[in-house]
Structure formats: C-alpha cells, structure tokens
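Chain residues, written in single-letter form:
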Amino acid sequence: MMKLLYSLKVVSMLLLLTCVAACSDWLGYTPKDKSTAEQQFSSRDGFYSAVNGVYNRLLSRTLYGQNLTYGMLDIMSKRYNTGSSRDNLNYRYANYLYTDASVRNSIDAIWRQSYAAILNANVILQEADKRTDVLNETDRLLIRGDVLALRAFLHFDMLRLFGPVYALNPEAVSIPYNDQASGQTYELLPAKTVIYEHLIPDLEQAEECLKQVDPVRKEGALASNNEDGDNYRRYRQLRLNYYAVLLLKARVYLWAGDGEHALTEARKLIDDENVQSSFPFVDSDRLLGNTKDPDRVFSSEALFGLYDAQREDIYPDYFDSANLGPSNSLLQPRSGYINDVFANQADYRFQSQWRAMGSLFDFVKYKRIEYNQNNIPFHALFRPLMRLTEAYYIAAEAVWKTDQAAARRYLNNVLRARGLSELTDAASAAQFAETLRLEYVREMWGEGQIFYLFKRHYLRITGNYNGDNANTVGASNRVYVLPLPTSEQENRQ
C-alpha cells in the first residue's frame with residue numbers, strides 16, 4: 001500500500017513536469033504554429049503530454065480549479081451568504097450582475113480558456129488520425145476517445161452556462177461548436193443542434209473508441225504505478241474514461257429532456273458489475289470517526305475528476321471561518337441553512353463535510369488530511385467532477401413517470417449508502433422531487449453542479465434552497481443565461 005500511494009505522487013508530479021517541460025509552447029498553440037504541432041506530435045510521449053496539457057488547463061482557477069466548481073458557479077446557486085456590499089465580487093456573482101465589469105471579466109475568461117482547450121483538443125484529434133507512424137491503434141483509440149469526450153465535456157458546460165433554458169426554448173441560439181483545428185469564428189447554433197448533431201455524436205464516437213481499449217472496463221480505476229513505468233493507461237479516474245463518457249451522455253440527454261435515452265445510459269452504469277466493484281460506495285467505517293485521513297470527497301465513487309496539487313489551499317483560503325487565509329473571502333452558508341438541508345444529521349455527508357462553528361457551519365470537504373509526504377492517499381488531492389451517484393439520480397428522475405417503484409429503488413440506493421432512511425411507497429410526486437433535488441445539493445456541494453440543476457428545472461430558488469439569504473430568487477433568463485462574452489460579440493459584428 002505504501003508503494004502504491006507513493007507512486008501516485010510520483011506519477012502526478014511526472015504529469016505536471018512533463019506538461020511544464022513539453023507543453024508550455026503547446027498550451028499557447030494557435031493554428032499558425034505548425035512547427036510546434038509537428039514537434040509536439042513526433043512521439044507517443046508527445047501525444048500524451050499534449051493530452052495532459054489540456055487536463056492541466058482545466059485545473060486553472062478560471063475553470064474547474066475554482067470558478068466552475070466551488071467558486072463562481074456555486075455562489076450563483078446561492079450556496080453561501082455573500083453579505084450586502086456590492087464591493088464584494090461574490091455578492092455580484094450571487095446577484096447575477098453579469099454586466100458588471102469584474103463579473104464580465106470572469107465570464108470572458110471562462111469562455112476563452114474553454115475554447116482554447118477545445119482548440120488544443122481538436123489539434124490532438126487531427127494529429128492522432130494523421131500520425132499512424134507514431135501511435136499504434138490502441139494508443140490512437142484511447143487518445144481519440146479521451147479527447148473527443150473532453151471536447152464534448154467543455155462544450156456541454158458552455159451550453160449549460162451560455163445557452164437558453166432548454167426546457168423553454170431548445171431552438172434558441174446558444175454557442176458555437178468548434179470541431180476543427182482552426183481558430184476561426186464559428187456560427188452560433190441552436191441548443192438542440194448542439195446536442196443532437198454535435199455533443200451526442202462526439203460522445204458516441206468516444207464511447208466506441210474507449211469500449212475497445214479502455215482498461216477501466218476490466219481492470220478498474222488502476223490507481224497505481226505500472227511496474228514497467230508506462231502509466232499513460234492508468235489512473236483512469238483522472239481521465240474521461242469509458243464509464244465517465246456514459247455518465248456524460250446521460251447528463252446531456254437529461255438536459256435535453258430525453259428521459260428514455262438518459263435512462264438507457266444511466267443503466268449501463270448501474271447494471272454493470274464491474275462498475276459496482278471498481279467504484280464502490282464510500283465505506284462509512286473508514287469515514288466516520290476517522291479524524292486523521294477521512295475520504296471526505298468519497299473518491300471511490302468518482303468516475304472522473306482532477307488531481308489538484310493546490311487543493312489543500314482551498315479550505316484555509318475560502319472556508320475556514322476561524323483562520324481565513326489571504327483571499328479574505330469567506331464562503332459560508334447563512335445561519336440555519338445547513339440544519340435545514342441536512343434535516344437528518346445521520347447523513348454521512350453532513351458528518352464528514354461540515355463542521356459546526358456556533359450556529360454556523362464551515363465546509364470542510366476539501367480540508368487537508370494528515371499524511372506522510374512520501375505516502376499521499378489518492379483522496380488527499382483529488383477533486384471529483386463526475387460521480388456514480390449521479391447515474392442513480394438520473395435514472396430515478398427519468399423513470400418516475402412510468403415506474404415509480406423503480407424510481408424509488410434507484411434513489412433509495414443512494415439514500416442507504418448515505419446512512420439515510422429510504423423513500424416509502426407512500427411518497428408523493430412532490431416528496432420525490434424534493435428529495436431528489438436536495439440530494440443533488442447535499443451530494444455535489446463544491447462541485448459546480450447545483451446551478452445547472454436549478455437552470456434545467458427553471459426553478460425559483462426559494463428559501464429552502466437559498467444558502468445566501470432567505471429570499472426567493474425568481475426564475476428568469478437574467479439569472480440562468482450568461483451573456484456571450486464581449487469579445488465574442490465583437491467578433492460577430
């Protein structure tokens with residue numbers, strides 16, 4: 001075990017160093033950099049370091065390192081009390097002041113970074129198909145599946161942010177879908193076109209590629225070093241692996257209101273015995289009462305996430321009310337809110353991820369755990385972005401109208417795994433919907449998914465969902481549709 005954990009640290013550092021050494025020029029790639037591309041893709045190592053470079057871009061504070069997880073996006077979903085001062089950037093996020101200069105800067109940066117990563121992904125795909133002299137078929141399929149999924153993952157979040165409320169207007173123009181290795185301006189497409197003519201085809205291709213070669217299907221997450229030193233096909237939770245692609249397809253279909261296909265994709269995960277053994281529910285015996293190294297992020301259940309060497313800075317900088325770090329920007333829910341969300345405090349998430357501070361609570365999900373520097377557990381620096389539990393939530397929602405008993409069974413699987421009582425046969429449609437939505441809130445706090453839940457349902461954010469204040473936020477495009485960045489609008493004039 002000690003050798004396994006140490007190897008994870010070594011591999012993670014190698015990935016970072018490889019990117020620094022080989023990808024500094026690559027991350028700044030433009031379509032004119034032909035020599036850069038030729039040099040980067042002259043070897044198998046060059047291909048994999050380019051893929052690592054795109055994942056490392058995702059870890060920037062602009063994207064999933066902060067804004068699209070515990071930062072801007074969670075603040076917009078009213079997770080935290082942001083006070084009443086407009087001088088506070090978090091207040092401006094929480095009140096949807098999208099035309100404010102600082103907020104617009106954040107929005108513009110998210111767009112630029114995402115489409116820059118998409119451009120990098122497209123160049124990798126182009127080169128992978130050309131360089132058969134460099135890549136064998138297994139490597140080509142693995143890289144192609146991974147990068148197609150990355151392209152879809154990024155486009156989908158841009159659609160969820162900047163696109164319309166799909167349930168109200170699926171034909172409304174939304175975002176461009178860039179599937180070429182060029183930086184030209186692409187047409188803004190209707191949201192429905194983005195989903196059914198681009199996202200789903202990309203994910204189907206990714207699934208087909210990975211179905212043939214992804215070791216996760218037979219060998220699991222492979223969170224250990226390979227004896228021969230070749231680790232490009234290991235640590236599958238740090239890549240958009242075959243199972244993560246299935247969950248992403250289910251997410252996309254559910255966003256489109258296509259419950260039948262969403263259920264089909266979710267069941268591919270729920271009914272797969274290898275998934276159940278390779279991504280088991282968190283062991284409560286190792287979680288509760290463990291003050292040394294608890295797995296507060298429930299990493300065993302994560303299908304995809306990022307390995308964040310800076311994760312330990314998150315808690316002291318943003319969530320520690322007793323000793324806040326240099327950010328001077330405390331993220332803490334209003335008084336009484338956590339007690340309402342976790343009405344049953346036997347919930348493993350409440351017990352492991354929240355710390356009482358008088359009448360308030362600090363979010364400790366990303367708090368540092370104890371470990372030896374030569375023996376770092378995987379969960380110490382892991383940031384989940386996709387969880388197996390979401391497949392159960394999607395299946396439950398998708399099947400409710402046709403088979404309420406099955407819907408309760410799917411949801412009860414998660415409730416049991418969190419130490420909670422099951423929904424009974426007497427549960428009404430309203431009780432089921434409320435339980436399911438609160439499950440998303442409890443499960444995915446700090447991971448950026450709650451705003452999307454509210455937008456998909458076009459919900460009024462009432463007091464029981466509002467951790468900022470007890471007010472109700474009306475559902476509107478002003479809240480749920482981010483304006484296209486200034487730079488993007490100027491390019492289209």
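Scoring rules and cut-offs
- Residues numbered from 1 in each chain as written.
- Predicted model: local features only at pLDDT ≥ 70, side-chain atom pairs only at ≥ 80, totals over all residues.
- Heavy atoms only, no water.
- Helix = DSSP H or I, 4+ residues; strand = E, 2+ residues; numbered from the N terminus.
- Buried < 20%, exposed > 50% of the residue type's maximum accessible area, 1.4 Å probe, protein only.
- Contact = heavy atoms within 4.5 Å.
- Areas by Shrake-Rupley, 256 points an atom, 1.4 Å probe, with all protein chains shown as cover.
- Lys, Arg positive; Asp, Glu negative; His and termini not counted.
- Charge placed at Lys NZ, Arg CZ, Asp CG, Glu CD.
- Phe/Tyr/Trp six-rings, centres within 6.5 Å; stacked < 30°, edge-to-face > 60°.
- Lys NZ or Arg CZ within 6 Å of the ring centre and 35° of its normal.
- Polar contact = N/O pair within 3.5 Å; in protein donor to acceptor, adjacent residues only side chain to side chain.
- Salt bridge = Lys/Arg side-chain N within 4 Å of Asp/Glu carboxyl O.
- pLDDT = per-residue confidence, 0-100.
- Pairing = 2+ DSSP bridges.

Digging into the overall build of the chain
At step 1: A count of helices and strands for the chain gives 22 helices and four strands.
At step 2: Counting over 493 residues, the chain shows a buried share of 61%.
At step 3: The long-range fraction of contacts in the chain, counting pairs at least 24 apart against all pairs at least 6 apart in sequence, stands at 70%.
At step 4: Counting only carbon and sulfur atoms, one obtains 46% of the accessible surface of the chain, whose full area is about 19,300 Å².
At step 5: The positive charge centre, built from 55 side chains, and the negative charge centre, built from 60, are 3 Å apart in the chain.

Focus: the packing of aromatic side chains
At step 1: In the structure shown here, the tally under the stated rule is 34 aromatic pairs.
At step 2: Among the aromatic residues, those joined into a cluster by ring pairs are Tyr-70, Tyr-80, Tyr-318, Phe-319, Tyr-337, Trp-354, Phe-363, Tyr-366 and Trp-445.
At step 3: Taking the ring centre of Trp-445 as reference, the NZ or CZ of Arg-79 above it sits at 4.9 Å.
At step 4: The ring centre of Tyr-452 lies 3.7 Å from the NZ or CZ of Arg-160, which sits over that ring.

Observations concerning the side chain of Asn-90
At step 1: With respect to the secondary-structure elements, Asn-90 resides in helix α5 (residues 89–94).
At step 2: Here Asn-90 falls in the buried class, since its relative accessible area comes to 10%.
At step 3: At 2.6 Å, the side chain of Asn-90 forms a polar contact with the side chain of Ser-329.
At step 4: What Asn-90 contacts, discounting residues up to four positions off in sequence, is Ile-75, Thr-82, Ser-329 and Leu-331.

A word on the pattern of salt bridges
At step 1: Within this structure, the stated rule accounts for 35 salt bridges.
At step 2: For Glu-127, the salt bridge is made with Lys-130, and the minimal N-O distance between the two is 3.3 Å. One end of the pair is Glu-127 and the other is Lys-130, both in helix α6 (residues 101–130) and three residues apart, which spans about a single turn.
At step 3: The class of Glu-127 is buried, set by a relative accessible area of 6%.
At step 4: Its relative accessible area of 52% is what places Lys-130 among the exposed residues.
At step 5: With its nearest N and O atoms 3.9 Å apart, the salt bridge here joins Asp-146 to Arg-239. With Asp-146 in helix α7 (residues 137–162) and Arg-239 in the loop between α9 (216–219) and α10 (242–255), this residue pair connects regions lying 93 residues apart in the sequence.

Topic: the environment of Lys-211
At step 1: Take Lys-211: it is sitting in helix α8 (residues 191–213).
At step 2: What makes Lys-211 partly exposed here is its relative accessible area of 42%.
At step 3: Taking C-alpha positions, Lys-211 is 9.3 Å from Tyr-243, a pair spaced 32 residues apart along the chain.
At step 4: With residues up to four places along the chain from it excluded, the contact list for Lys-211 reads Arg-217 and Tyr-242.

A closer look at the confidence of the model for the chain
At step 1: For the chain, per-residue confidence averages 91 on the pLDDT scale, and 91% of positions sit at 70 or higher.
At step 2: Scored below 50 in pLDDT, residues 1–22 makes 37 contacts in the model with residues more than four places away or belonging to other chains.

Some remarks on the pairing of strand β1 (residues 302–307)
For a regular strand, the rule is simple: side chains alternate between the two faces of the sheet.
At step 1: Burial of β1 is extensive: six of the six residues sit out of reach of the surface.
At step 2: Inspection of the sheet shows β1 paired to strand β4 (residues 382–387) by five bridges, in the antiparallel sense. By the bridge assignment, Phe-304 is partnered in β4 with Met-386.

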